[in-house]
Amino acid sequence: EDKVVQSPLSLVVHEGDTVTLNCSYEVTNFRSLLWYKQEKKAPTFLFMLTSSGIEKKSGRLSSILDKKELFSILNITATQTGDSAVYLCAVAGPSGGSYIPTFGRGTSLIVHP
Amino acid sequence: KAGVTQTPRYLIKTRGQQVTLSCSPISGHRSVSWYQQTPGQGLQFLFEYFSETQRNKGNFPGRFSGRQFSNSRSEMNVSTLELGDSALYLCASSLGDSHSPLHFGNGTRLTVT
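Nothing here was measured: the structure is a model prediction, and the numbers come from that model.

Parameters and conventions
Throughout, residues of each chain are indexed from 1 in the direction in which the sequence is written. A letter from A marks each chain and a number from 1 marks each ligand, given out in the order of writing. The predicted origin of the model limits local features to residues at a pLDDT of at least 70 and limits the giving and counting of side-chain atom pairs to 80 or more, whereas totals for whole chains, interfaces and linings rest on all residues. Values reported for side chains reflect all heavy atoms of the structure, with hydrogen atoms and water molecules removed beforehand. Here, a strand pair is defined by DSSP locating no fewer than two bridges between the strands. A run of DSSP states H or I qualifies as a helix once it reaches four residues; a run of E qualifies as a strand once it reaches two. Both are numbered from the N-terminal end. Buried Ala, Val, Leu, Ile, Met, Phe, Trp, Tyr and Cys residues form a nonpolar core when they are joined through side-chain atoms within 4.5 Å. Exposure is judged per residue with a 1.4 Å probe applied to protein chains only, and the accessible area is read against the type maximum: over 50% gives exposed, under 20% gives buried, and values in between give partly exposed. Contacts are assigned to residue pairs that have any heavy atoms within 4.5 Å of one another. Whenever a pair of cysteine sulfur atoms sits within 2.5 Å, that pair is classed as a disulfide. N or O atoms within 3.5 Å of each other form a polar contact, as long as, within protein, one can give a hydrogen and the other can take it, and as long as residues adjacent in sequence are counted only when both atoms are side-chain atoms. The term salt bridge refers to a pairing of a side-chain nitrogen on Lys or Arg with a carboxyl oxygen on Asp or Glu at a separation within 4 Å. In this description, a line fitted to the C-alpha atoms serves as the axis of each element, helices being fitted only across the stretch in contact, and the angle between N-to-C directions of two axes falls anywhere from 0 to 180 degrees.

(A) Local environment of the pairing of strand β3 (residues 19–24) of chain B. All names here are of chain B. Judged from the three bridges that link them, strand β1 (residues 5–7) and β3 form a sheet pairing that is antiparallel. Bridge pairing in β3 places Gln 6 opposite Cys 23. Pairing analysis gives five bridges linking β3 to strand β8 (residues 74–78), with the strands arranged antiparallel. The residue of β8 that forms the bridge with Thr 20 is Asn 77.

(B) Inspection of the nonpolar core at higher detail. One finds B:Trp34, B:Leu46, B:Phe64, B:Met76 and B:Tyr89 to be the most contacted residues of the largest nonpolar core, which totals 21 residues. Within the residue set of this core, elements represented by two or more residues are β3, β4 (31–38), β5 (42–50), β8, β9 (87–94) and β11 (108–112) of chain B. Apart from residues lying up to four places away in sequence, B:Leu46 is in contact with B:Trp34, B:Tyr35, B:Gln36, B:Lys57, B:Gly58, B:Phe60, B:Phe64, B:Met76 and B:Tyr89. The next biggest cluster of nonpolar side chains, apart from the first, holds 20 residues, and it includes A:Leu33, A:Phe47, A:Leu61 and A:Leu65.

(C) Here's a closer look at the state of the cysteines. Residues and elements named next belong to chain B. Taken as a whole and assessed by the stated rule, the structure comprises two disulfides over all chains. Across a sulfur-sulfur distance of 1.8 Å, Cys 23 and Cys 91 are joined as a disulfide pair. With the S-S dihedral at roughly -60 degrees, the linkage between Cys 23 and Cys 91 falls on the left-handed side. Here Cys 23 is found in strand β3, whereas its partner Cys 91 is found in strand β9, with 68 residues between them in sequence. For Cys 23, a relative accessible area of 0% translates into the label buried.

(D) Molecular detail of the environment of B:Glu48. As for its placement among the helices and strands, B:Glu48 is situated in strand β5. Between the alpha carbons of B:Glu48 and B:Gln68 there is a distance of 9.4 Å; along the sequence they are 20 residues apart. With near-sequence residues (within four places) excluded, B:Glu48 lies in contact with A:Ser98, A:Ile100, B:Ser31, B:Val32, B:Ser33, B:Thr53, B:Gln54, B:Arg55 and B:Asn56. Among the polar contacts listed, one links the side chain of B:Glu48 to the side chain of B:Arg55, at a separation of 2.8 Å.

(E) Region of interest: the pattern of salt bridges. Residues and elements named next belong to chain B. Across all of its chains, the model carries seven salt bridges over all chains by this definition. Between Arg 67 and Glu 75 there is a salt bridge, with its nearest N and O atoms 3.2 Å apart. The class for Arg 67 is partly exposed, based on a relative accessible area of 46%. If you follow the salt bridges from partner to partner, you end up with Arg 63, Glu 82 and Asp 85 in one network.

(F) Structural context of the sheet that holds strand β3 (residues 19–26) of chain A. Residue and element names in this part refer to chain A. In spatial order, the strands read β1-β3-β8-β7-β6; together these five strands make up an open sheet with antiparallel pairing. Looking at which strands have only one partner, the edges of the open sheet turn out to be β1 (3–7) and β6 (56–58). Each strand axis lies, on average, 15 degrees off the axis of its neighbour in the sheet, ignoring direction. Bridge analysis of β3 against strand β8 (residues 71–76) gives six bridges, and the strand direction is antiparallel. Looking across to β8, one finds that Thr 20 is bridged to Asn 75.

(G) Geometry of the environment of B:Gly3. Residue and element names in this part refer to chain B. Locating Gly 3 in the fold gives a position in the segment before β1. Classification of Gly 3 by relative accessible area gives partly exposed; the value is 40%. With 22 residues separating them in the primary sequence, Gly 3 and Pro 25 have C-alpha atoms 7.1 Å apart. What Gly 3 contacts, discounting residues up to four positions off in sequence, is Ser 24 and Ile 26.

(H) Representation of the pairing of strand β4 (residues 32–38) of chain A. Residues and elements named next belong to chain A. β4 sits mainly inside the fold: seven of its seven residues count as buried. Here β4 shows two buried faces, one formed by Ser 32, Leu 34, Tyr 36 and Gln 38 and the other by Leu 33, Trp 35 and Lys 37. Where β4 lies against strand β9 (residues 85–95), seven bridges are found, and the strand directions are antiparallel. Paired with Gln 38 across the two strands is Val 86, which belongs to β9.

(I) Up close: the sheet that holds β8(B). All names here are of chain B. Pairing is antiparallel in the open sheet, where four strands are placed in the order β1-β3-β8-β7. At either end of the open sheet lies a strand with only one pairing partner, and these are β1 and β7 (64–68). Taken over all neighbouring pairs, the strand axes of this sheet differ in orientation by 20 degrees on average, direction set aside.

The values are spatial; any link to function lies outside them.
Encoded structure:
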């Protein structure tokens, strides 16, 4: 059974801090790793990573994948209160013609002013 | 481009009743997936439809069913509701290939009393 484990479960920081969120996985057939941000309802897509060692970057957020060690990290620099959310990691692989992501439980990030 | 739309936003039902949830995907997306999200279990995959066919199914009882119409809109039905079915039900759409991330709707919050 595919498994995605995120750590830490929760994190409380102050504005301006840098945080690193971790995601490790065990899957039968790996195709991609995805990061989502969930604030109130809808998880919103952040990154999709398919190749090892290639950093994806968007503003203050960046992510990198290590396919040999089976993990990914999501970095957020100069955190702001608007970064407060649950960050979800998911891993997708081929299954029955589709690519269904298996999600981790998420890391809850709270950023205090 | 309009996002994924789910209706209704909130539902309160009693045990034994049935419920139908609706999802309109992003225009051009032919894959629709459904997830159940609870605090204890995180995001659990229910099923995926692609071009009106169920392409993949998660480990949920037969009380959970779905369908997809020719315009890619999808419905999910839960019969004989149980207290444990109380959850946020999220619908996500994508192009359905390995390069396309899921895009989520805001979900339907179902409460079973």
